[in-house]
Amino acid sequence: MVISSRNTVSEGRFVPLDIEYENGIITALRPYGTSEHIDADYGDDPIYPGFIDIHTHGGDMIDVNHLTCYEDADRLSRFYAAHGVTSFTPSVMTDTREQTENLLLILKDAIERGVSGATIEGIHLEGPFLAMEYKGAMPDYLIRNGDPQLFDHYQEVSGGHVIYITVAPEIEGGMELIRHIRKKGGVTIAMGHSAAEYETAVEAVKCGVTASTHLFNAMKLFHMHRPAISGASLTEDEVYTEIISDGFHLHPATVRLVLKTKGLNKVVAISDSIMAAGLPDGNYQLGVNPVVVKDGDAKLLNGVRAGSTLTLERALRKLIEFTGLSGAELSPVLSLNQARLLSLGSKGEIRQGAEASFAVLDKDGAVRETIVKGKSVYKKEETR
């Protein structure tokens, strides 16, 4: 199979290329239009590495914490594919032990059976080992201290598919849990929903933390004398920082500050989307909490922000608007950084030997087609 575009993302630039792939792997890159046979020529429409969403709670009226069956997870995978996402890790937020077990079993089944849209790479646990003070939309009565045995139990139930977890390092047992997870291996640890001071956060990084969950949101904020977890997220080179670039969670200048501080290779754009993503304003659900969406902004009834309605192709458009950078320059923030953070192999870039997963956008930045491991899983309907 050969696809081509005059604007193919390659090493931070738009390059005119033909892409040949077989069995889900890119086998050759050639100058645009030079292949003997081209199956799809997208002209000026850009080809990006497929987007990877590592922190998302749902969309299209599906809430991850209310999954009931394989079909729900499969429908969710198709929703993400329609927005250029080729891989994702559904985020299970703090819930009852019984419900968490049910969700892990459903996701285990979906991962092992495979889905028809974006690939489910693994599971993100956002809780229950979080700080009460910065619980955000988490139900306070379900938050727990660090508990290695409970984590091991959840990992066993999931069939070993938990690959990402958010922990507040300062809570009782938090640092012990981080060390425990790091020793067992196979799980990337983020710090978030946390009141940690700078020194505690730096110690957490030494113990195994390599990411910061939705930077500046649901965490102790930077102060010139007390930089806190926010400051450590910026100063520690090992740490990747998640950002929600919807214009609600972070001011555009804050987005620019983060990118200038961390660099384009350490920032991870996430959606943190809820079931309302892709839908009009109205009343929705996030875990056990009712949520009201007004003007695209999702909040609990008490006014606390509760996830987002963002999708990653819109995140890219916002990042371009906020920074003045090109989509090609910003591509790692949507794809490659996620793959490196979660050790997802050859995903997230367009090069020989990489996975043949692509998001093809149109001139307006909307998704035209999504290809996962060489298979087209979404095509925008043509208007006549």
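About the thresholds
Residues numbered from 1 in each chain as written. Predicted model: local features only at pLDDT ≥ 70, side-chain atom pairs only at ≥ 80, totals over all residues. Heavy atoms only, no water. Helix = DSSP H or I, 4+ residues; strand = E, 2+ residues; numbered from the N terminus. Rg over C-alpha atoms; globule rule 2.2 N^0.38 Å. Contact = heavy atoms within 4.5 Å. Areas by Shrake-Rupley, 256 points an atom, 1.4 Å probe, with all protein chains shown as cover. Lys, Arg positive; Asp, Glu negative; His and termini not counted. Charge placed at Lys NZ, Arg CZ, Asp CG, Glu CD. Core = buried A, V, L, I, M, F, W, Y, C linked by side-chain atoms within 4.5 Å. Buried < 20%, exposed > 50% of the residue type's maximum accessible area, 1.4 Å probe, protein only. Phe/Tyr/Trp six-rings, centres within 6.5 Å; stacked < 30°, edge-to-face > 60°. Arc of directions from axis to C-beta. Axes fitted to C-alpha atoms, helices over the stretch in contact; angles between N-to-C directions. Parallel < 35°, antiparallel > 145°, perpendicular 65-115°, else oblique. Left-handed = near helix turned anticlockwise from the far one by under 90°. Nonpolar A, V, L, I, M, F, W, Y, C, P; charged D, E, K, R; others polar. Pairing = 2+ DSSP bridges. Right-handed = clockwise from strand over helix to strand, strands pointing away.

**Q** How should I be thinking about the overall build of the protein chain in this particular structure?
**A** Within the protein chain one finds ten helices and 22 strands. The globule rule puts the C-alpha radius of gyration for 384 residues at 21 Å, and the 20 Å found for the protein chain is close to it. Excluding contacts between residues fewer than 6 apart, the proportion of contacts in the protein chain whose partners are at least 24 apart in sequence is 70%. Carbon and sulfur atoms form 48% of the exposed surface of the protein chain, whose accessible area is close to 15,400 Å². The positive charge centre, built from 37 side chains, and the negative charge centre, built from 52, are 3 Å apart in the protein chain.

**Q** So what exactly am I meant to see when it comes to the nonpolar core here?
**A** For soluble globular proteins, nonpolar side chains are generally found buried alongside one another. With 91 residues, the main nonpolar core has Phe-51, Ile-165 and Leu-319 as its most contacted residues. In terms of residues, this core owes the most to one element, helix α2 (residues 97-113), which gives six residues. In contact with Leu-319, not counting residues within four places along its chain, are Ile-243, Ser-245, Val-255, Leu-259, Ala-269, Gly-324, Leu-330, Val-333 and Leu-334.

**Q** Please clarify how the packing of aromatic side chains should be interpreted in this entry.
**A** Remark: the centre distance and the inter-plane angle together describe each pair of aromatic rings, the angle taken between the planes. Tallied over the full model, the rule gives five aromatic pairs. Taking the centre distance of 5.9 Å and the plane angle of 90° together, the rings of Phe-14 and Tyr-48 count as edge-to-face. In this pair, Phe-14 is assigned in strand β2 (residues 13-22) and Tyr-48 in strand β5 (residues 47-49), connecting sequence segments 34 residues apart. Given a relative accessible area of 32%, Phe-14 falls into the partly exposed group. Of the aromatic side chains, those joined through ring pairs into one cluster are Phe-14, Tyr-48 and Phe-51.

**Q** Teacher, can you tell me more about helix α4 (residues 174-184) here?
**A** Structural remark: α-helix, 3.6 residues per turn; residues separated by three or four positions point the same way. Every buried residue of α4 is accounted for by Gly-174, Met-175, Leu-177, Ile-178 and Ile-181. Projection of α4 onto a plane perpendicular to its axis shows the buried side chains occupying an angular sector of 160°, all on one side. Every exposed residue of α4 that faces more than 90 degrees away from the buried side is listed here: Lys-183 and Lys-184. As for α4, its buried residues are in contact with α3 (148-157), β12 (162-167), β13 (188-191), α5 (198-207) and β14 (209-212).

**Q** How should the packing of α5 against helix α6 (residues 228-235) be read in this particular structure?
**A** Packed helices, taken two at a time, are described by their axes: the angle between them and the distance between them. Interhelical geometry of α5 versus α6 gives an angle of 45° and a closest axis separation of 7 Å. The pairing of α5 with α6 is recorded here as oblique in orientation. Remark: the crossing between α5 and α6 carries right-handed chirality. Facing Tyr-198, Ala-201 and Val-202 of α5, the residues of α6 in contact are Ala-228, Ile-229, Gly-231, Ala-232 and Thr-235. For the contact of α5 with α6, a count of residues per class yields six nonpolar, two polar and no charged.

**Q** Please explain unusual backbone geometry as it appears in this structure.
**A** Look at the link from Gly-127 to Pro-128: it is a cis peptide, with omega at 10°. With respect to the helices and strands, the residue Pro-128 is situated in the loop between β11 (123-126) and α3. With a phi close to 70°, Met-61 is a non-glycine residue in the positive phi region. Here Met-61 is to be found in the loop between β7 (58-59) and β8 (62-63). Here Met-61 falls in the partly exposed class, since its relative accessible area comes to 45%. Look at His-193: it is not a glycine, yet its phi comes out positive at around 45°. Relative to the elements of secondary structure, His-193 occurs in the loop between β13 and α5.

**Q** Just to check I follow, could you spell out the packing of α4 against α5 for this structure?
**A** Viewed as axis vectors pointing N to C, α4 and α5 meet at an angle of 20°, and their least axial separation amounts to 9 Å. By the angle class used here, α4 and α5 are roughly parallel. Considering the relative orientation of α4 and α5, their crossing is right-handed. Touching Met-175, Ile-178, Arg-179 and Arg-182 of α4 are Thr-200, Glu-203, Ala-204 and Cys-207, all from α5.

**Q** Is there a simple way to think about the environment of Pro-90 in this case?
**A** With respect to the helices and strands, the residue Pro-90 is situated in strand β9 (residues 85-93). Using a relative accessible area of 1% as the deciding quantity, one classes Pro-90 as buried. Placed eleven residues apart in sequence, Pro-90 and Phe-79 show a C-alpha to C-alpha distance of 12 Å. In this view, Pro-90 contacts Thr-56, Val-64, Leu-107, Ile-120, Gly-122, Ile-123 and His-124; residues no more than four positions away in its chain are not counted.

**Q** Which parts of the structure should I look at to understand the pairing of strand β3 (residues 25-31)?
**A** Two faces, one strand: in a regular strand the side chains alternate between the faces of the sheet. Here six bridges tie β2 to β3, and the two strands are oriented antiparallel to one another. Within β3, the residue paired with Tyr-21 across the bridge is Ile-26.

**Q** Got a minute to help me understand the pairing of β13 in this structure?
**A** With burial as the criterion, each face of β13 is covered, one bearing Thr-188 and Ala-190 and the other bearing Ile-189 and Met-191. The pairing of β12 with β13 spans four bridges and is parallel. What sits directly across from Thr-166, in β13, is Ala-190. Read from β12 through α4 to β13, the crossover connection turns out right-handed. The sheet contact formed by β13 and β14 spans three bridges and is parallel. Among the inter-strand pairings, Met-191 is bridged to a residue of β14, identified as Ser-212. Taken together, β13, α5 and β14 constitute a β-α-β crossover, and its handedness is right-handed.

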